[in-house]
Amino acid sequence: MNTAVFLSAADLDERWTRPAREFAELLGKGGHTLVWGGSDTGLMKVVADAVRASGGRLVGISVGLLRQWVRKDAGDMVIATDLAERKALLLARSDAVVVLPGGPGTLDEVTEVLELRKHGLHGKPVVLLNTGGFYDGLTLQLRRMEEEGFLPMPLADLVLLADDAAGALAHLEGPGAAPRAR
C-alpha cells in the first residue's frame, strides 16, 4: 500500500519523533511504501529513515523551492512546480493518507484531502494520528462541525481519529484495504 504521510519537516524532540518513528517502522515492516514530502530534514527524515530501515520503499514529492532539502536516496523523487501540485501528486500517488503532527502546511494538506473526500473526489482512507493529543483541538472542531450540520457525512466516514500507530495501521490494513506495494 502506498501511504501518504503529511507531517512536519521541523527538528522536534523525542515526544514527537518517537511515535512518528514507531508508525514508520510498522509501515516499513508491513511492506508498505511511504509517499511523503521528500525532505531529508526533521520529522520527515525520522519517518523516511525508519521506513527505509524496516524494509519499506520511499516515494518523495517535493517542490522546487525546497529542492535543497530533498532526500537523495529515495526510490522515486518527483519535484512539483508548486505546493498545490505537490498536494495533488501526494494524493494521486497514494492509497491512503496518515496525518502526523505538523504546522500550517500539514494543516493545509489535511483540510484539502478531507474536503476532497467530503465531495466524493477520492475514497482513500484518511487517518489523523493524534500523537500526544496534538490534534485534540482539530478533533474538537471537526466534532462540532458534525454536530452543527457542517459535514454532509458522519465524521467517522470522513476520517479515522487514531491515538496510536498500531491502531492507525490496523485501520489501513483492515478489510477492503489497498494491496501492499512491493
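Treat the numbers as computed from the prediction; the structure is a model and nothing was measured.

### Considerations on the packing of helix H1 (residues 14–29) against helix H7 (residues 165–173)
- Here H1 crosses H7 at 35°, and the two axes come no closer than 9 Å. Both H1 and H7 take part in a crossing whose hand is right-handed. Each of Glu-22, Phe-23, Leu-26 and Leu-27 in H1 lies in contact with H7, whose residues at this interface are Ala-165, Ala-166, Ala-168 and Leu-169.
- Looking at side-chain class alone, the contact of H1 with H7 contains seven nonpolar, no polar and one charged residues.

### Considering the pattern of salt bridges
- For the structure shown, the criterion picks out eleven salt bridges.
- Note that Glu-14 is salt-bridged to Arg-21, the shortest N-O span being 3.5 Å.
- Judged by relative accessible area, which is 45%, Glu-14 ranks as partly exposed.
- One salt bridge in this structure joins Arg-93 and Asp-76, with 2.6 Å as the shortest N-O distance. In this pair, Arg-93 is assigned in the loop between helix H3 (83–92) and strand E5 (96–99) and Asp-76 in strand E4 (residues 76–80), connecting sequence segments 17 residues apart.
- For Arg-93, a relative accessible area of 30% gives the class partly exposed.
- A relative accessible area of 22% places Asp-76 in the partly exposed class.
- Members of the salt-bridge network, linked through shared partners, are Asp-40, Lys-45, Asp-49, Arg-52, Arg-71 and Asp-73.

### Considerations on the side chain of Asn-130
- Its location among the elements puts Asn-130 in the loop between strand E6 (126–129) and helix H5 (136–147).
- Under the relative-accessibility criterion, Asn-130 is labelled buried at 10%.
- Apart from residues lying up to four places away in sequence, Asn-130 is in contact with Tyr-135, Asp-136, Ala-162 and Asp-163.

### A few points about the pairing of strand E3 (residues 57–63)
- Across the seven residues that make up E3, a large majority, six, are buried.
- Of the strand pairs in this sheet, strand E2 (residues 33–36) and E3 are connected by four bridges, and their pairing is parallel. For Val-35, the partnering residue across the bridge sits in E3 and is Val-59.
- Each parallel crossover has a hand, and the one from E2 via helix H2 (residues 42–53) to E3 is right-handed.
- Bridge count between E3 and E4: five bridges; the pairing is parallel.

### A look at the packing of aromatic side chains
- Under the criterion given, the structure shown has two aromatic pairs.
- Ring geometry for Trp-16 against Phe-134: centres 5.3 Å apart, planes inclined by 80°, an arrangement best described as edge-to-face. Pair noted here: Trp-16 is in helix H1 and Phe-134 is in the loop between E6 and H5, with a separation of 118 residues, a long-range link.
- Accessibility expressed as a relative area gives 11% for Trp-16, which makes it buried.
- Residue classification places Phe-134 among the partly exposed positions, given a relative accessible area of 34%.
- Members of the aromatic cluster, each reached through a chain of ring pairs, are Trp-16, Phe-134 and Tyr-135.

What counts, and at which threshold
- Residues numbered from 1 in each chain as written.
- Predicted model: local features only at pLDDT ≥ 70, side-chain atom pairs only at ≥ 80, totals over all residues.
- Heavy atoms only, no water.
- Axes fitted to C-alpha atoms, helices over the stretch in contact; angles between N-to-C directions.
- Helix = DSSP H or I, 4+ residues; strand = E, 2+ residues; numbered from the N terminus.
- Left-handed = near helix turned anticlockwise from the far one by under 90°.
- Contact = heavy atoms within 4.5 Å.
- Nonpolar A, V, L, I, M, F, W, Y, C, P; charged D, E, K, R; others polar.
- Salt bridge = Lys/Arg side-chain N within 4 Å of Asp/Glu carboxyl O.
- Buried < 20%, exposed > 50% of the residue type's maximum accessible area, 1.4 Å probe, protein only.
- Pairing = 2+ DSSP bridges.
- Right-handed = clockwise from strand over helix to strand, strands pointing away.
- Phe/Tyr/Trp six-rings, centres within 6.5 Å; stacked < 30°, edge-to-face > 60°.

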